[in-house]
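Listed below, chain by chain, are the residues.
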Amino acid sequence: MSRARPTSADSGRPQAEPIGTRLWSCLFIAGLFLSVSLLSSSIPGVNEPHYLTKSRSFDNPDWCSRDFFLTSTNAHYCFFWLTGILTRWLSLDSVAPIGRVVSSLLLAIGWSMLGRSIGLTSLFRIVGAGLFASISLLGSFSGEWLLGGFESKVPAWGLALMAISLWIRGQLQTCPGWMTVAGVTCGLACFFHPVVGGWVAACICFASVSLSVVTFQQTKRQISLCEKARTESGRFSSEISEPRLLKSMFGLACFSFSTIILSLPGLVPALRLVMDKSLPLKDRELASFYQVFWRLKHHLDPTELLASQWTYAFLVSGGVLLCVSQLRQSERRRSEARPLGSEAESRAMDALRCLLVVFAFSAAIAFGGVLIGWHTVAAQKMNGWEWRASLLKFYPFRCFDALLPIMAALVLARCIQVWRLLITHVRSGVRILIAIAIIAAPLVQASTAREAAPAGYTVEQFEDWKDACQWLRLNTPPHALILTPRESFAFKWFAERAEFVCYKDCPQDAAGILTWNKRLWLLHDWTLKSSTDGQYGNDDLQNFRRLTNCDYIVTRILGPFESPPIWEGREWKIYTVP
């Protein structure tokens, strides 16, 4: 009895999916990602002032030229160059949403390509996107996010997902051509964000070598068994096993070469920053310490991660392993039931295995970061804190943290798709309602999670803060230097004036980090000394002028001052520095 040829629906793989279907599903996913971004984070988002004011200064050095952060070394050179061009003609309030639209589209394209690689149909790529957004909104391991604003890592991750998808195709087909294209997209990810693109490239290279070695060993065992039986297939396999390994290694070389070449415009400035030896070694080590164990400890120091973050990582990782186990069991049952109809399913599972290997290496890198950075004593008393800080500043948790919700959503969507195919008694209307609920869930989450004001502000304080910034923009010289409070948010965005120092805006070069730290301590010492007599007198302000050359002070807690404020709102006051 002849068997019917398996259909696309039977296999669970989107074979010969119409171009129109791919396009509308990708646009729908982009719209979903953009909606979550806009609903969860107002403009400007938490990091948009940090990146986009730097972009504007990059293109126009005269803008806020006295702000030392804006004039510090640029770690994301290509991002600042591209977005800086936009700031010539558009306001920052316009550049941010445009960036979110482009970033969401790049993420959607990468997501769609990766989803198709593991056999997701258009509907379940959309379902998976909803799951990804929901899981991302639940938390993170080290503070990584992709749907909360516009900065260099977001388009970089969109390109990185494309690179992983293209690499999977090249790996399964042992095709150097696809590996080269994968390298091009991975190089473009490095172009935007050297750390994101670099870690993804490293994981892909490790995965390529690992899979090639495993495949070669399996082939050798098969050949050994065949040779013992003196079969023709054994002699044929023996002839092709080593050339296939060589072809795989050649493909890896093509991937690596194209990645390096395309990444050079962004990689070279970043390497110059890292390898700068203009300061003594002790100063560079101290700068790394400030960066890793103080300013960015919530991202880089594993002992600073909260219990909820560890719980999130373990639960989501466990969910990934559980879903993969269920998919393997489902594949085994389907293969036994219909051995002639499981080829497409096997291809999808092979692609998923490749993706899992990449994810496993990202987890291994993160685990290495935990081992390097774990300490039970104060960081400065930890043995070898110098070399530990120099390694941790490369964000070893970033790749794993971003891939964690991506992997969980993809494998869960795949499980739901398989479940839909197996549970045929559930009405199609019910299935559609479930899919709609999954897609709508992150929109509800984003709406409820949105904060009315940035961290450290009440709604009234933030509204008054923006009024103070507007007054400074309209009533002070363009080159004025302003002392802003520690909780300063988007001051350069709103006021378009330079800040003496901003806790959020820490430079990434050693000299800039040391200057940032010195200025923070200078302010601490000045306020402590000036407030001892219960009043900030004119002599205190004159001394402050000598120390900082600041022109104005914006505050809501300093005082009382001997001189009256030149502007006073409900919460904030502005004083001139004589």
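Each remark here, short or long, concerns the structure printed above.
Residues numbered from 1 in each chain as written. Predicted model: local features only at pLDDT ≥ 70, side-chain atom pairs only at ≥ 80, totals over all residues. Heavy atoms only, no water.

Engineer: Just give me the short version of the overall build of the protein chain, but keep the residues and values in it.
Structural biologist: Helix and strand content of the protein chain: 21 helices and five strands. Taking contacts inside the protein chain between residues at least 6 apart in sequence as the whole, the part at least 24 apart equals 76%. Working note: accessible area of the protein chain is about 26,600 Å², and carbon and sulfur atoms make up 62% of it. (Helix = DSSP H or I, 4+ residues; strand = E, 2+ residues; numbered from the N terminus. Contact = heavy atoms within 4.5 Å. Areas by Shrake-Rupley, 256 points an atom, 1.4 Å probe, with all protein chains shown as cover.)

Engineer: Quick one: what's the story with the pattern of salt bridges, residue by residue and with numbers?
Structural biologist: For the structure on display, the rule yields 17 salt bridges. A salt bridge links E48 to R100, with the shortest nitrogen-to-oxygen separation between them at 2.8 Å. Within this pair, whereas E48 is found in helix α3 (residues 48-59), its partner R100 is found in helix α5 (residues 92-117), the two being separated by 52 residues in sequence. The pair E48 / R100 is uniform in exposure class, with both members buried. The shortest N-O distance in the salt bridge between E285 and K282 comes to 3.9 Å. Of the two residues, E285 and K282 are both situated in helix α11 (residues 281-295); the distance of three residues between them amounts to about one turn of the helix. Linked through salt bridges whose partners overlap, the residues forming this network are D67, K492, E499 and D505. (Salt bridge = Lys/Arg side-chain N within 4 Å of Asp/Glu carboxyl O. Buried < 20%, exposed > 50% of the residue type's maximum accessible area, 1.4 Å probe, protein only.)

Engineer: Break down a nonpolar patch on the surface for me, with residues and values.
Structural biologist: Together, L86, W89, L90, I98 and V102 make up an exposed nonpolar region whose accessible area comes to about 460 Å². Turning to its location among the elements, L90 is positioned in the loop between α4 (77-86) and α5. (Patch = residues over 30% accessible without salt bridge, like charges linked within 9 Å, V, L, I, M, F, W, Y side chains within 5 Å.)

Engineer: Tell me what's going on with the packing of helix α20 (residues 510-530) against helix α21 (residues 538-548), and back it up with residues and numbers.
Structural biologist: The interhelical angle for the contact between α20 and α21, taken along N-to-C directions, is 165 degrees, at an axis separation of 11 Å. Looking at the two axes, α20 sits roughly antiparallel to α21. As α20 packs across α21, the resulting crossing turns out to be right-handed. The residues of α21 that touch α20, namely those facing L522, L523, W526 and S530, are D540, L541, N543, F544, L547 and T548. Of the residues belonging to the contact of α20 with α21, the class tally is six nonpolar, three polar and one charged. (Axes fitted to C-alpha atoms, helices over the stretch in contact; angles between N-to-C directions. Parallel < 35°, antiparallel > 145°, perpendicular 65-115°, else oblique. Left-handed = near helix turned anticlockwise from the far one by under 90°. Nonpolar A, V, L, I, M, F, W, Y, C, P; charged D, E, K, R; others polar.)

Engineer: Describe the packing of aromatic side chains, naming the residues involved and giving the relevant values.
Structural biologist: Applying the stated criterion across every chain, the model contains 34 aromatic pairs. Where F33 meets F132, the ring centres are 5.8 Å apart and the plane angle is 75 degrees; that geometry is what we call edge-to-face. Here F33 is found in helix α2 (residues 19-40), whereas its partner F132 is found in helix α6 (residues 122-138), with 99 residues between them in sequence. Under the relative-accessibility criterion, F33 is labelled buried at 1%. Both rings, one in F141 and one in F400, keep their centres 5.8 Å apart while their planes meet at 85 degrees; by these two values the pair is edge-to-face. (Phe/Tyr/Trp six-rings, centres within 6.5 Å; stacked < 30°, edge-to-face > 60°.)

Engineer: Tell me about the state of the cysteines, and name the residues and values.
Structural biologist: Under the counting rule described, the total for this entry stands at zero disulfides. The structure places no disulfide on C175, whose sulfur is separated from the nearest cysteine sulfur, that of C254, by 9.3 Å. Of the residues examined, C175 reaches a relative accessible area of 23% and is grouped as partly exposed. (Disulfide = S-S within 2.5 Å.)

Engineer: Which residues make up the environment of Q535, and what values go with them?
Structural biologist: Looking at the secondary structure, you find Q535 in the loop between α20 and α21. Along the backbone, Q535 and F561 are 26 residues apart, and their C-alpha atoms lie at a distance of 5.7 Å. Contacts of Q535, omitting those with residues within four sequence positions, involve S530, D540, P560, F561 and E562.

Engineer: Before we move on, could you go through unusual backbone geometry and cite the residues and values that matter?
Structural biologist: In this model, I43 is joined to P44 through a cis peptide bond whose omega is 5 degrees. Structurally, the position occupied by P44 is in the loop between α2 and α3. A cis amide bond links G559 to the next residue, P560, at an omega of 5 degrees. Looking at the secondary structure, you find P560 in the loop between β3 (552-555) and β4 (567-568).

Engineer: Give a detailed account of α5, specifying residues and quantitative values.
Structural biologist: At 3.6 residues per turn, the α-helix brings residues three or four places apart onto the same side. The end-to-end C-alpha distance of α5 is 37 Å, a good match for the 38 Å that 26 residues give at a rise of 1.5 Å each. Positive phi shows up at G119, right after α5, with a value of about 90 degrees. (Expected span 1.5 Å × (residues − 1).)

Engineer: Got a sec to walk through the pairing of strand β5 (residues 573-576)? Specific residues and values, please.
Structural biologist: Inspection of the sheet shows β3 paired to β5 by four bridges, in the antiparallel sense. Across the sheet, the residue bridging to V554 is I574, located in β5. When β4 meets β5, the two strands line up antiparallel, connected through two bridges. Paired with E568 across the strands is K573, a residue of β5. Hairpin connection, β4 to β5: the antiparallel pair is bridged by four residues. (Pairing = 2+ DSSP bridges.)

Engineer: Any chance you could break down the nonpolar core for me, citing the residues and the numbers?
Structural biologist: Judged by nonpolar contacts, the single largest core of 119 residues is most densely connected at W157 and W167. Not counting chain neighbours up to four residues away, the residues in contact with W157 comprise L107, E144, L146, V196, V200, R398, C399, A402 and L403. By size, the runner-up hydrophobic cluster in this structure holds 40 residues, among which are F68, A389, L541 and C550. (Core = buried A, V, L, I, M, F, W, Y, C linked by side-chain atoms within 4.5 Å.)

Engineer: Tell me about the pairing of β3, and name the residues and values.
Structural biologist: Side-chain positions along a regular strand alternate between the two faces of the sheet. Along β3, one buried face is formed by Y552 and V554 and the opposite face, lined by I553 and T555, is buried too. Taken together, the two bridges between strand β1 (residues 481-483) and β3 define a ladder with parallel strand orientation. Bridging from a neighbouring strand, L483 pairs with I553 of β3.

Engineer: Give a detailed account of the packing of α11 against helix α15 (residues 385-392), specifying residues and quantitative values.
Structural biologist: The geometry of α11 relative to α15 is characterised by a closest axis approach of 9 Å and an angle of 60 degrees between their N-to-C directions. It follows from the interaxial angle that α11 and α15 lie oblique. As α11 runs across α15, the sense of the crossing is left-handed. Contacts between α11 and α15 involve E285, L286, S288, F289, V292 and F293 from the first element and W385, E386, A389 and L392 from the second. Here the contact of α11 with α15 is built from residues that sort into seven nonpolar, one polar and two charged.

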